[in-house]
Amino acid sequence: MSFCLLKINSLREVPCVIAKLVQEGKLGQVRRWSPLKDGKVWLIEEWERLCVLRGPGWFDWDERRCKLEVELAQEAARLNVSPQVLGISADYSYTIIEYISGPELNPHQPLNLEEMVMQLRALHLGSSEGNIANCPSEWTSFSRFFRQLVKAKLLHTTKILPILCDMEALLVSLQAEFQNTCGGDKRVLCHLDLHCQNIMRNRKGELQFIDFGMAGFDHPYCDLAYVTMYHALGPLDQLRLLSLYSKVQVTPTLWSKFLMFRILPYYSKMLHPIIRATREWTCERESVADAMMRLRRSPQSHDFSYYIERLYSGQKRSPMEWLEYADCAWRRVRQLEIEWRDAVAALASKSSSRSLLVKGEGVKPFPVQLERCSTTELGKRTALNLMLP
């Protein structure tokens, strides 16, 4: 006797999908199934094995997009950083994946940076575009965000959202800087959604990445930036993450480069919520554009960590809460933009290859430029000294 988890959009689909996969020889004899969560996760009792049956990531995905996700998941499984893919439906819309019994990462516990870096390096350095049929040639993050901008604009043809124009201007600026400084870097397979619910442990206790619906070939620092955002890493942990991953001395040049990537993950937390809120908006007294303008003029009610907690809690959001989420992400983007531009300006004015050392009690000194970080922002370690080596 064994079990598998089935992600299906509606109850009516369950018998058809199971019958189809049994007919194709992808599933053995299924005894019964029952709903587990929100009508989208199903417990299947099967004779031979433990597995997870996963449906399409998004309702509007075509066969090409489903096939790409399957191939990316297979590539990650080949590198032993993701569960093995055991079967695929004929149209690639459903995949049977190795069942992992271990827990998800606890968002309230500190992230083991060494362990995370080891798995990220295995995924990035071992992946090959040659193993993916019809692999898109563009950088995944920029391509996705520009597509989402177009989609958001199409939903606001009668009244343009000023925030969308601001987002587009900054994204164009970031893309230009990226092409200038990173355009020649190698593309690697990135997960691009590494929050705690997408990271589990197998029986050996090893980290495993699941759900490659947002994955694609991109710059490796994109994954580092998503880890920084989702796990609320402070400046010291960010520097340590970058140092562990790069395995080189973290110079001001390298740090300013990473600061640029820290901005990108928040675009996914601005554009998708705006699109979602617009589609679900029912308020007749106020339009989405007016509500967004009102939010921009008001004091911020929550910091970004509040919304990450909401993500882990699984609580549903109202359209207004989606807009608040987008507004909070945009404010965070503007803060990070200032830090990035200040770092670039400092490099241009000093023209020095020397780097600063951050020293603190119980902290191994490592080089970095942290002119905008106060001792409070650096955490409880208040005895910090900035020194030239």
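Residues numbered from 1 in each chain as written. Predicted model: local features only at pLDDT ≥ 70, side-chain atom pairs only at ≥ 80, totals over all residues. Heavy atoms only, no water.

A few words now on the overall build of the protein. Across its full length, the protein carries 12 helices and 13 strands. Each of the 389 residues in the protein was classed as buried or not, and the buried ones make up 48%. The contacts in the protein between residues at least 6 apart in sequence include a share of 76% that link residues at least 24 apart. If you sum the accessible surface of the protein, you get close to 19300 Å²; carbon and sulfur atoms cover 51% of it. (Helix = DSSP H or I, 4+ residues; strand = E, 2+ residues; numbered from the N terminus. Buried < 20%, exposed > 50% of the residue type's maximum accessible area, 1.4 Å probe, protein only. Contact = heavy atoms within 4.5 Å. Areas by Shrake-Rupley, 256 points an atom, 1.4 Å probe, with all protein chains shown as cover.)

Quick look at the pairing of strand 5 (residues 85-88) now. Across three bridges, strand 5 lies against strand 6 (residues 95-98) in antiparallel orientation. By the bridge assignment for strand 6, Ile 88 is matched with Thr 95. What sits between the antiparallel neighbours strand 5 and strand 6 is a turn of six residues, in which Tyr 92 has the positive phi angle 65°. (Pairing = 2+ DSSP bridges.)

Quick look at the nonpolar core now. Soluble globular proteins tend to pack their nonpolar side chains together in the buried interior. Ranked by size, the top nonpolar core spans 91 residues in total, and within it Leu 164, Met 167, Leu 174, Phe 209, Phe 261 and Tyr 267 carry the most contacts. Met 167 has contacts with Leu 149, Tyr 267, Met 270, Leu 271, Ile 274 and Trp 330, leaving out every residue within four places of it along the chain. (Core = buried A, V, L, I, M, F, W, Y, C linked by side-chain atoms within 4.5 Å.)

With that settled, the discussion passes to helix 3 (residues 113-126). Spanning 14 residues, helix 3 covers 19 Å between terminal C-alpha atoms, matching the ideal 20 Å at 1.5 Å per step. Listed as buried for helix 3 are Leu 113, Glu 115, Met 116, Val 117, Gln 119, Leu 120, Leu 123 and His 124. Packing partners of the buried residues in helix 3 comprise helix 2 (63-78), strand 7 (188-190), strand 8 (199-201), strand 9 (207-209), helix 6 (220-230) and helix 7 (235-246). (Expected span 1.5 Å × (residues − 1).)

The next subject is the side chain of Gln 238. Structurally, Gln 238 is set in helix 7. A polar atom in the side chain of Gln 238 sits 2.9 Å from the backbone oxygen of Leu 233. The residues touching Gln 238, leaving out its near neighbours within four places in the chain, are Thr 228, Leu 233, Trp 255, Phe 258 and Arg 262. (Polar contact = N/O pair within 3.5 Å; in protein donor to acceptor, adjacent residues only side chain to side chain.)

Everything listed is a geometric property; what it means functionally is a separate question.
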